[in-house]
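Survey of secondary and tertiary structure
Letter by letter, the chains look like this.
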Amino acid sequence: MAYNHDKGMCYIVEEKNICFIPIPKNSSTTFRKNCPWGYKTDNFISNPAVLENNTVICVVREPIERFVSGYLEVLIRSHDSPKTLEKNFFYIKDEPKRFIKFIKEVSEEFYDAHIEPQTYYISDINGQIVKLDHVWLQENTNKHFSKLFESDVSGKTNSKDPNLKQAYIDFINDNIVVKKVIQNMYNKDIDFYNTVKNER
């Protein structure tokens, strides 16, 4: 379980009756930077009424793409992620050796919020997905945020080199064993994402 993002965290926009559940690596920064209204942080685990009294929104992302993005994120954020410094992969300089070690260590512990399964953040203490009124796909969030905020939201925040990300995705897709390990780690995320995508 990640130490750096509480399960149940949500942002409440009281004047619009919106409950946005931020999932790390899924447009949370875009919400914080562009939301034109004041919002407060709450927690739907300790205060489940926020789910019933508001329109609940979250963003989901293709799981393998998010995993790669999370890997690149933890590499550059060791300054505020001390648990990364406890991991052996961080001290390996060569790729793909470092990436393979990262996969192994994550399979033993989801130690950072950026690689914790997405469904963890939208489920209750029993692991059941909570009431969600709108589930947006990451690739469509600018459109949805623009409509919600009634102002243009464009571009990306915290974007990584797309060629670098694609190189890691290609490595996963070209290695059946590696891909299977990651799919097993994120099987619930994959099922949920595919369900949401197929409903579009």
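Look up: the structure comes first, before these words.
Residues numbered from 1 in each chain as written. Predicted model: local features only at pLDDT ≥ 70, side-chain atom pairs only at ≥ 80, totals over all residues. Heavy atoms only, no water.

**Some words on the pattern of salt bridges**
In the structure shown here, the tally under the stated rule is nine salt bridges. One salt bridge connects Glu73 with Arg77, and the closest N-O pair in it is separated by 3.1 Å. Among the residues examined, Arg77 registers a relative accessible area of 28% and is labelled partly exposed. A single salt-bridge network, built from bridges that share partners, covers Lys25, Glu73 and Arg77. (Salt bridge = Lys/Arg side-chain N within 4 Å of Asp/Glu carboxyl O. Buried < 20%, exposed > 50% of the residue type's maximum accessible area, 1.4 Å probe, protein only.)

**A short note on unusual backbone geometry**
Residue Glu95 is joined to Pro96 through a cis peptide bond whose omega torsion reads 5 degrees. One can find Pro96 in the loop between helix H3 (63–76) and helix H4 (97–108). With a phi angle near 50 degrees, Asn17 is a residue other than glycine that sits in the positive phi range. By the element assignment, Asn17 lies in the loop between strand E1 (9–13) and strand E2 (18–21). Classification of Asn17 by relative accessible area gives partly exposed; the value is 41%. (Helix = DSSP H or I, 4+ residues; strand = E, 2+ residues; numbered from the N terminus.)

**With respect to the sheet that holds strand E4 (residues 55–60)**
The strands making up a sheet are joined through hydrogen bonds of the backbone, oriented either antiparallel or parallel. With respect to topology, five strands assemble into an open sheet ordered E3-E1-E2-E4-E5, the strand pairing being mixed. Since the sheet does not close on itself, it has two edges, and those belong to strand E3 (40–43) and strand E5 (134–137), each with one partner. Looking at each pair of strands side by side, their axes are set apart by 30 degrees on average, direction ignored. Bridge analysis of E1 against E2 gives three bridges, and the strand direction is antiparallel. Note that in E2 the partner of Val13 across the bridge is Ile18. Helix H6 (residues 141–149) rests against E2, E4 and E5 of the sheet, and its axis sits at about 135 degrees to E5. (Pairing = 2+ DSSP bridges. Axes fitted to C-alpha atoms, helices over the stretch in contact; angles between N-to-C directions. Contact = heavy atoms within 4.5 Å.)

**Considerations on the packing of aromatic side chains**
In this description, a pair of aromatic rings is defined by centroid distance and the angle of the planes. Enumeration over the complete set of coordinates arrives at 24 aromatic pairs. When the centroid spacing of 4.8 Å and the interplanar angle of 50 degrees are considered together, the rings of Tyr71 and Phe99 count as tilted. Of this pair, Tyr71 sits in helix H3 while Phe99 sits in helix H4, and the two are 28 residues apart along the sequence. According to the relative accessible area criterion, Phe99 is buried, its value standing at 1%. Pairing Tyr71 with Tyr168 gives two aromatic rings, centres 5.3 Å apart and planes at 70 degrees, and the pair type is edge-to-face. Taken together, the positions of Tyr71 in helix H3 and Tyr168 in helix H7 (residues 162–174) put the pair 97 residues apart, joining distant regions of the chain. Each member of the pair, Tyr71 as well as Tyr168, carries the same accessibility label: buried. The ring of Tyr120 carries the charged tip of Lys7 above its face, separated from the ring centre by 4.2 Å. (Phe/Tyr/Trp six-rings, centres within 6.5 Å; stacked < 30°, edge-to-face > 60°. Lys NZ or Arg CZ within 6 Å of the ring centre and 35° of its normal.)

**Some thoughts on the environment of Glu14**
The residue Glu14 is located in the loop between E1 and E2 in this model. For Glu14 and Glu86, which are 72 residues apart along the polypeptide, the C-alpha to C-alpha distance reads 40 Å. A polar atom in the side chain of Glu14 sits 3.0 Å from the side chain of Lys40. (Polar contact = N/O pair within 3.5 Å; in protein donor to acceptor, adjacent residues only side chain to side chain.)

**As for the pairing of E4**
Burial analysis of E4 places five of its six residues in the buried class, which makes it a mostly covered element. Note: E2 against E4, four bridges, orientation parallel. When the bridges of E4 are listed, Phe20 appears paired with Ile57. Direction of pairing for E4 relative to E5: parallel, over a ladder of four bridges. Opposite Cys58, over in E5, you have Val135 as the bridge partner.

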